[in-house]
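Fold and geometry: a report
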Amino acid sequence: MKSRSETVSIVGMGYVGLCTAATFASRSIRTVGIDIDEARVEQIRRGKAPLHEPQLDTLLKQAVKSKLLEATSDISRAFGTDTTFLTVGTPSQQDGSIDLSYVKNACEDLGNVLREKRGYHLVVVKSTVVPGTTNGTVKRFLEQSVGKKVGSELGLCANPEFLKEGTAINDALHPDKIIIGSNDKKSANRLKRLYRKFYGPRLPPVILTSPESAELVKYASNAFLATKVSFINTVANIAQQIPGVDVGTIAEAIGLDPRIGGLFLKAGPGYGGSCFHKDLQALINYSKNNGYDSTLFRATEETNEQQSNKVVDMAEALLGSLSGKRVAVLGLAFKKDTDDIREASSLRVIIQLKKKGVHVIAYDPMAIPNTKKQLADQIGYADNPYSALKGADCAIILTEWDEFVKLKPKDFQACMKTPNVVDARRIFDPEEFSQLNYVAIGLGARRSLRD
Ligand SMILES: NC(=O)c1ccc[n+]([C@@H]2O[C@H](COP(=O)([O-])OP(=O)(O)OC[C@H]3O[C@@H](n4cnc5c(N)ncnc54)[C@H](O)[C@@H]3O)[C@@H](O)[C@H]2O)c1
């Protein structure tokens, strides 16, 4: 007899949940996507992603049309599924520690639904949570609301997510690893079986471990990447003081050493996005509460915070006083191919520019609606890079959008009052731009500028 095919439910249709749901459905796994945000659910039902992510709209349309993905705000729909992934947010509290309120609420709501269920149900924590959360808060809230212990009928795993915004769909379809943290073989095997169905012969390496190790893998991964960014930014700031030195060459050379590796060695205005800062703060705080002060990760964060000052300093060095000047900010998203501005370096730079009395006019191909929600009319918004540059005293490149890479020196010369360019993303060729007042992070001064 053919066995009934496996179904999943996903609680939290944000970046992680929605991309996971769309990719599950694309592999013919019936998926119920659950969110408390009715407007979001309605949009997903119409096959329209509530966030910008390459390939997501196409996958989502197919998934909804084929009815392999159903979006709902009714969590009781999880009852009929075999496995529920928790993908709700885990933001920071005021002191930087993790806020587990969404996780707690989701566990309670799900637990109440599973109360009457007979037969096995697996709950998988995909949200990023500090070590001990799955076996502590999650288990406690679930067991209380379900009215049964985690074990023979109720499975529990920690299964952190590593997808990156901007390449989330590709990452979800081709992860470099799957980490499964569990207390018992049954739940781990169930989850592995689901992933085997998803990936078939292309199943990536699966690491089976304890929930606590799985949880720490995610933090260690983000802390390492963030530290690599702060490291190269530190080298960039040193390189910038030395005429004729370019941090790009330094990064390329050290990256050839396989112990270092070439990725994540791009100097810039500092990391942003919803995860690095939040997760570093959560880890620092968690560690401190356990009696260990993680000096390195505090320095990573401090270096990142200061990097936006560097960008403003560069503009100031070009213009003298910034007060009353018009500065075009090109790029608001924390990286290209996303409309996400959470913790974006652009926001830190803009706040400082405003403090110095600058009139900021910003352009971004995707992130203006999100920025308007946060900054409203504190800055001006342009419809394209050229109108942002019009009459500007300085341009600052803060996101590496392809659209900006195509800009030529003549575009800046033709539009700007004075062609002062701060390339905080290092997207232009310094030789080609040498005819402008061009500076870039990690680029030592040219003779012509110093003379
Ligand atoms: N965004 C990323 O790139 C990324 C990558 C890896 C891991 N993570 C982690 O994954 C988790 C989710 O991140 P995200 O960026 O997708 O978050 P998000 O804020 O984009 O989405 C969370 C969603 O959960 C919904 N939600 C909250 N409480 C709910 C409840 N009780 N029931 C149903 N839905 C509920 C919200 O309405 C929202 O739509 C976080 O822990 C994050 O750290 C994020």
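Residues numbered from 1 in each chain as written. Predicted model: local features only at pLDDT ≥ 70, side-chain atom pairs only at ≥ 80, totals over all residues.

1. Looking at the overall build of the protein
When its secondary structure is counted, the protein shows 17 helices and 14 strands. When its C-alpha atoms are laid out on the principal axes, the protein stretches across 80 × 45 × 40 Å. Across the 451 residues in the protein, those meeting the buried criterion constitute 46%. Counting only contacts in the protein whose residues sit at least 6 apart along the sequence, the fraction spanning at least 24 positions is 73%. (Helix = DSSP H or I, 4+ residues; strand = E, 2+ residues; numbered from the N terminus. Buried ≥ 20, exposed ≤ 12 C-beta atoms within 10 Å, placed from the backbone. Contact = placed C-beta atoms within 7 Å.)

2. Here we look at the packing of helix α11 (residues 295–319) against helix α12 (residues 345–355)
Between α11 and α12, the least distance of the axes is 9 Å, while the angle of their chain directions is 50°. As summarised for this structure, α11 and α12 are arranged oblique, according to the angle between their axes. With respect to the hand of their crossing, α11 and α12 are arranged in right-handed fashion. Here S308, N309, V311 and V312 of α11 lie close against α12, whose contacting residues are S345, R348, V349, Q352 and L353. Of the residues assigned to the contact of α11 with α12, the class counts are 4 nonpolar, 4 polar and 1 charged. (Axes fitted to C-alpha atoms, helices over the stretch in contact; angles between N-to-C directions. Parallel < 35°, antiparallel > 145°, perpendicular 65-115°, else oblique. Left-handed = near helix turned anticlockwise from the far one by under 90°. Nonpolar A, V, L, I, M, F, W, Y, C, P; charged D, E, K, R; others polar.)

3. A closer look at the sheet that holds strand β12 (residues 394–397)
In space, the 6 strands of this open sheet follow the order β11-β10-β9-β12-β13-β14, with parallel pairing throughout. On the outer flanks of this sheet lie β11 (380–381) and β14 (437–440), each paired with one strand and no other. (Pairing = 2+ DSSP bridges.)

4. Details of helix α5 (residues 134–146)
Relative to the 18 Å expected for 13 residues at 1.5 Å per residue, α5 spans just 16 Å between its end C-alpha atoms, considerably shorter than the ideal helical length. Three or more residues of α5 are buried, namely T134, N135, V138, K139, F141, L142 and V146. For α5, the secondary structure elements touched by its buried residues are α4 (101–114), β5 (121–125), β6 (154–158), β7 (178–182) and α8 (211–239). Trailing α5 by a residue or two, G147 shows a phi angle of about 80°, which is positive. (Expected span 1.5 Å × (residues − 1).)

5. Observations regarding the site of the ligand
Among the 27 residues in the neighbourhood of the ligand, the closest are listed as G12, G14, Y15, S127 and T128. When residues of the shell around the ligand are traced back to their parent elements, those giving at least two are α1 (15–26) and α4. In terms of residue count, α4 provides more of the shell around the ligand than any other element does, 4 residues in total. Split by residue class, the shell around the ligand holds 11 nonpolar, 10 polar and 6 charged. (Near = placed C-beta within 6 Å.)

6. Quick word on the domain arrangement of the protein
The extent of an interface is frequently quoted as the accessible surface area lost upon association of the parts. Looking at the protein, the domain boundaries give domain 1 (7–209) and domain 2 (220–450). Computed from C-alpha atoms alone, the centre-to-centre distance between domain 1 and domain 2 is 34 Å. If you look at the interface, domain 1 gives 15 residues, while domain 2 gives 17 residues. Of the residues in the side of domain 1 that touches domain 2, the class split is 6 nonpolar, 6 polar and 3 charged. (Domains from an automatic or database assignment.)

7. Some remarks on the sheet that holds β6
Ordered by their spatial adjacency, 8 strands build an open sheet running β3-β2-β1-β4-β5-β6-β7-β8, and the pairing between neighbours is mixed. Only two strands of the sheet have a single partner each, and these edge strands are β3 (69–72) and β8 (206–209). The mean angle between the axes of side-by-side strands here comes to 25°, regardless of whether they run parallel or antiparallel. Both β5 and β6 contribute to a ladder of 5 bridges, which runs parallel.

8. What to know about unusual backbone geometry
Phi is positive for D337, close to 65°, though the residue is something other than glycine. For D337, the location among the structural elements is in the loop between β9 (326–330) and α12. The class of D337 is partly exposed, set by 19 C-beta atoms lying within 10 Å. In this model, R426 sits at a positive phi of 55°, which is unusual for a non-glycine residue. Relative to the elements of secondary structure, R426 occurs in the loop between β13 (420–423) and β14.

9. Examining the pairing of β3
Along β3, the buried face is formed by L69 and A71; none of E70 and T72, which line the opposite face, is buried. As defined by bridge partners, strand β2 (residues 30–34) adjoins β3 across 4 bridges and the pair is classed as parallel. Paired with I34 across the two strands is T72, which belongs to β3.

10. Focus on the packing of α1 against helix α3 (residues 56–65)
In contact at an axis separation of 9 Å, α1 and α3 are set at 55° when each is read in the N-to-C sense. Considering the angle they form, α1 stands oblique to α3. Both α1 and α3 take part in a crossing whose hand is left-handed. When α1 is examined against α3, the residues C19, A22, T23, A25 and S26 are found in contact with a partner set consisting of L56, L59, L60, Q62 and A63. Residues belonging to the contact of α1 with α3 are distributed by class as follows: 7 nonpolar, 3 polar and no charged.

11. Observations concerning the pairing of β5
Buried residues dominate β5, accounting for 5 of its 5 residues. The two faces of β5 match: H121, V123 and V125 on one face and L122 and V124 on the other face are all buried. As judged from the 4 bridges shared by strand β4 (residues 83–86) and β5, these two strands associate in the parallel manner. The residue bridging T83 from the neighbouring strand is L122, located in β5. You can see the chain leave β4, run along α4 and come back into β5, and the turn it takes is right-handed. Considered for its hand, the β-α-β crossover made up of β5, α5 and β6 is right-handed. (Right-handed = clockwise from strand over helix to strand, strands pointing away.)

12. Digging into the environment of S210
Here S210 lies in the loop between β8 and α8. Of the residues examined, S210 has 15 C-beta atoms within 10 Å and is grouped as partly exposed.

13. Considerations on the nonpolar core
Generally speaking, soluble globular proteins have nonpolar side chains that are buried together. The biggest cluster of nonpolar side chains holds 130 residues, and the ones touching the most others in it are A22, V327, L330, A395 and I396. Here this core takes 9 residues from α8, the largest share from any one element. Each of domain 1 (7–209) and domain 2 (220–450) accounts for three or more of the residues forming this core. Apart from residues no more than four positions distant in its own chain, I396 is found in contact with V311, A315, V327, V329, L330, V349, V422 and A424. (Core = buried A, V, L, I, M, F, W, Y, C linked by C-beta atoms within 7 Å.)

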